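Here's the letter readout for the chains.
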Amino acid sequence: MIYNDFLQSIIFTLQMSRLELIGPQGLRTDGRRFNELRNMNCKPSVLSQADGSAYIEQGNTKCLAAVYGPREARTKAQVLHNRANINVEISLAPFSMEERKKRSKSDKRILEIASAVKQTFEPIIMTELYARSQIDIYLQILQFDGGTVQICINAATLAIIDAGIPMKDYVCACSAGCIDDEPVLDLNHLEESNTPELTVALLPKNDKITLLQMESRLHIDKFQQVMEMAAKGCKEIHTVLDKAVRENIKDLLKKSSI
C-alpha cells in the first residue's frame with residue numbers, strides 16, 4: 001500500500017512537471033514554441049566611464065557588461081609577454097533572484113561561469129596586439145531567469161566591440177535542451193532546472209564552435225539535434241547583436257556631427 005502511494009506520487013509529480021513545461025497546445029510556460037528565442041533587447045554604450053559597455057535582456061534575464069582596457073596589468077603575475085591577459089569577473093545582484101542573497105565572487109558557480117567566458121574569448125580577441133597588458137570584463141546579472149552563460153557571453157561580445165577591441169568575429173551563445181524528446185531553444189530557469197541543457201557559443205561567419213557546455217546528461221541520440229538547435233539560435237542572436245552595433249554606430253556618428 002505504501003509502495004503504491006509512493007509510486008502514484010512520483011507519477012503525479014512527473015505529470016505536473018510535464019504540464020508546467022509544455023501546455024496542452026504545445027506551447028511552453030512563457031508562450032513560446034519549441035524553436036523560438038525569448039524576446040531580446042540590447043544596447044551598447046550604456047556606461048560613460050567604461051571603455052566599452054552593453055546592456056542585454058533575454059526574456060527575464062538581464063545583464064550589464066563593462067570592459068576596461070587594454071590597460072596595464074594590476075600585478076606582475078598577470079603580465080603575459082606575448083599577449084594581453086583577459087580577466088573576467090561576474091557578480092549577481094542580491095535582488096536578481098527570488099531568494100535575496102548576496103553571492104560572493106568566490107562562489108563556485110560564479111567562478112565556473114567566469115572561467116567559461118574567459119576560455120570562450122581567449123582565442124577570439126586579438127590579444128597578441130596588446131602584449132603585456134590586461135583586458136578586464138565585468139559582468140553583472142541584474143535579473144535571473146536562466147541562460148546565465150549565454151547572456152554573459154552575448155553581453156561581453158557587445159561590450160568588447162563597443163570598446164574597439166579587435167576580435168576575429170562576433171561570439172554568439174545560446175542554450176538548447178530536450179523536452180519530451182523534442183529539442184527546445186533558449187531555456188528559461190524552469191526549463192533548465194528540469195531538462196538537460198546544452199550551451200553553444202558560435203562564430204557565425206564560419207560556424208566554428210568556441211564553447212560547448214553540458215549542464216546535465218543528454219542522450220547521445222538527441223545530442224546532434226539539440227546542438228543544431230542551439231547553433232540556429234546563435235545565428236538568430238547574431239542578427240540581433242549586429243543590428244544593435246550598427247544602430248549604435250549611426251547614433252554616435254549623428255552625435256559627433258552635431
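Parameters and conventions
- Residues numbered from 1 in each chain as written.
- Predicted model: local features only at pLDDT ≥ 70, side-chain atom pairs only at ≥ 80, totals over all residues.
- Heavy atoms only, no water.
- Pairing = 2+ DSSP bridges.
- Helix = DSSP H or I, 4+ residues; strand = E, 2+ residues; numbered from the N terminus.
- Axes fitted to C-alpha atoms, helices over the stretch in contact; angles between N-to-C directions.
- Phe/Tyr/Trp six-rings, centres within 6.5 Å; stacked < 30°, edge-to-face > 60°.
- Buried < 20%, exposed > 50% of the residue type's maximum accessible area, 1.4 Å probe, protein only.
- Disulfide = S-S within 2.5 Å.

## Considering the sheet that holds strand β7 (residues 182-185)
Then, in step 1: Ordered by their spatial adjacency, four strands build an open sheet running β7-β6-β8-β9, and the pairing between neighbours is antiparallel. The open sheet terminates on both sides in strands that have one partner only, identified here as β7 and β9 (208-214). Neighbour to neighbour, the strand axes of the sheet diverge by 25° on average, direction disregarded.
Then, in step 2: In this sheet, β9 lies alongside strand β8 (residues 197-203) in antiparallel orientation, the contact comprising six bridges.

## Thoughts on the packing of aromatic side chains
Then, in step 1: Applying the stated rule across the entire model yields one aromatic pair.
Then, in step 2: Their ring planes at 70° and their centres at 5.8 Å tell us that Tyr-68 and Tyr-138 sit as a pair that is edge-to-face. Of the two residues, Tyr-68 sits in strand β3 (residues 61-72) while Tyr-138 sits in strand β5 (residues 133-143), which places them 70 residues apart along the sequence.
Then, in step 3: Given a relative accessible area of 23%, Tyr-68 falls into the partly exposed group.

## Overview of the state of the cysteines
Then, in step 1: Applying the stated rule across the entire model yields zero disulfides.
Then, in step 2: Here Cys-63 is not cross-linked by a disulfide; its sulfur's nearest cysteine counterpart is in Cys-152, at 4.5 Å.
Then, in step 3: The exposure class assigned to Cys-63 is buried, which follows from its relative accessible area of 0%.
Then, in step 4: There is no disulfide at Cys-172, and the cysteine sulfur nearest it, in Cys-234, is 6.7 Å away.
Then, in step 5: A relative accessible area of 1% places Cys-172 in the buried class.

The values are spatial; any link to function lies outside them.
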